[in-house]
Amino acid sequence: MVLTIRELNYEDIETLGSWLISDPDFPGDFSPFAWEISKESFLSKVQENLTVPKTVEVKFYTVQRDGSPIGVMLSRKPENFDYVEVGYYIQPAERHKGYGTESLRQFTDFLFKTCGVLRLEAGTSSLNVPSQRILEKAGFTREAIRRKTLFRNGKWEDSYLYALIRE
Ligand SMILES: CC(C)(COP(=O)(O)OP(=O)(O)OC[C@H]1O[C@@H](n2cnc3c(N)ncnc32)[C@H](O)[C@@H]1OP(=O)(O)O)[C@@H](O)C(=O)NCCC(=O)NCCS
């Protein structure tokens, strides 16, 4: 089995769209969905990214197992800052097999090599244990608790800020 990550291309948009639109489990229970944007605007952001890559701060990647897509990774570089945020989704049928951890490790290596930053960040709900686990297994440190940052299902949730520093 070979796991690889590469930038998303036009052919991948259809696959990503089908996961987003037809699979309600794809975003997961805890994700403030991709920076709180709708599925449609998420897809148009992907399209925009491919059309005018230099003008957008978010980049999309596909995770492939033996050449078939099983997930999506995102990087976002906030304007005027020199760090990168990461996001990750593994297709529901492929979760709990170690792919999230392995692809996040590969992704962080790739970002450190290509983005010229020393810090990668991720935010996650305090209830999203799988997300916390893969961050910790990929070497991230929990730096902060951000109290009452997510309002879901009628309740306020805390979230955690994680970071990985290139030493
Ligand atoms: C987060 C996500 C990418 C993890 O991918 P994955 O391929 O399942 O990750 P792995 O198999 O490498 O590791 C999952 C870990 O979570 C643990 N886990 C899975 N479900 C769990 C649960 N319900 N409760 C506690 N731990 C759980 C697994 O045991 C494993 O940890 P371990 O190795 O210490 O045993 C995947 O769950 C996902 O796509 N979720 C929806 C999107 C999402 O929430 N993204 C993050 C937004 S911040």
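Definitions and cut-offs
Residues numbered from 1 in each chain as written. Predicted model: local features only at pLDDT ≥ 70, side-chain atom pairs only at ≥ 80, totals over all residues. Helix = DSSP H or I, 4+ residues; strand = E, 2+ residues; numbered from the N terminus. Expected span 1.5 Å × (residues − 1). Buried ≥ 20, exposed ≤ 12 C-beta atoms within 10 Å, placed from the backbone. Arc of directions from axis to C-beta. Pairing = 2+ DSSP bridges. Right-handed = clockwise from strand over helix to strand, strands pointing away. pLDDT = per-residue confidence, 0-100. Axes fitted to C-alpha atoms, helices over the stretch in contact; angles between N-to-C directions. Parallel < 35°, antiparallel > 145°, perpendicular 65-115°, else oblique. Left-handed = near helix turned anticlockwise from the far one by under 90°. Contact = placed C-beta atoms within 7 Å. Nonpolar A, V, L, I, M, F, W, Y, C, P; charged D, E, K, R; others polar. Near = placed C-beta within 6 Å.

Student: Outline helix 4 (residues 99–115), supporting the account with residue identities and numerical values.
Tutor: In an α-helix there are 3.6 residues to a turn, and that puts residues three or four apart on one side. In this model, helix 4 (17 residues) spans 23 Å end to end at C-alpha, consistent with the 24 Å of a helix rising 1.5 Å per residue. Of all the positions in helix 4, only Y99, G100, S103, L104, F107, T108 and L111 are classed as buried. Looking straight down helix 4, one finds that the buried residues subtend no more than 155 degrees of arc, so they occupy a single side. G116 lies just past helix 4 and shows a positive phi near 65 degrees.

Student: Give a detailed account of the pairing of strand 4 (residues 84–90), specifying residues and quantitative values.
Tutor: Counting buried positions over the seven residues of strand 4 gives six, a clear majority of the element. Examined bridge by bridge, strand 3 (residues 68–76) and strand 4 share six bridges and lie antiparallel to one another. Looking at the pairing, S75 lines up with V86 of strand 4. Alignment of strand 4 against strand 5 (residues 119–125), held across two bridges, turns out to be parallel. Bridge pairing links V84 to L120 in strand 5. Between the parallel pair strand 4 and strand 5, the chain is carried across by helix 4, and the sense of this crossover is right-handed.

Student: Could you give me a rundown of the confidence of the model for the protein chain, with the residues and numbers involved?
Tutor: Averaged over all residues, the pLDDT of the protein chain is 88; the fraction at 70 or higher stands at 92%. Taken element by element, the protein chain is modelled with least confidence in helix 2 (residues 33–36), mean pLDDT 47, and with most confidence in helix 5 (residues 129–137), mean pLDDT 98.

Student: Help me get a handle on the packing of helix 4 against helix 5, residues and values and all.
Tutor: Helix packing geometry: the angle between the two helix axes and the distance between the axes. Here helix 4 crosses helix 5 at 45 degrees, and the two axes come no closer than 9 Å. Judged on the interaxial angle alone, helix 5 and helix 4 are oblique. For helix 4 against helix 5, the interelement crossing comes out right-handed. Side by side, helix 4 and helix 5 meet where G100, T101 and L104 of the first sit next to P130, I134 and K137 of the second. Along the lines of polarity and charge, the residues of the contact of helix 4 with helix 5 split into three nonpolar, two polar and one charged.

Student: Describe the site of the ligand, with residues and values.
Tutor: Among the 21 residues in the neighbourhood of the ligand, the closest are listed as G28, R95, G100, T101 and P130. Taken together, the elements giving at least two residues each to the shell around the ligand come down to strand 4, helix 4 and helix 5. The leading source of residues in the shell around the ligand is helix 5, at five residues.

Student: Describe helix 5, listing the residues and the values that go with them.
Tutor: Of the residues making up helix 5, those classed as buried are S131, I134 and L135. All buried residues of helix 5 project into a common sector of 100 degrees when viewed along the axis, lining one side. Of the exposed residues in helix 5, the ones pointing more than 90 degrees away from its buried face are V129 and R133. If you follow the buried residues of helix 5, they end up packed against helix 4, strand 5 and strand 7 (155–165). Downstream of helix 5 by a residue or two, G139 has a phi angle that is positive, lying close to 100 degrees.

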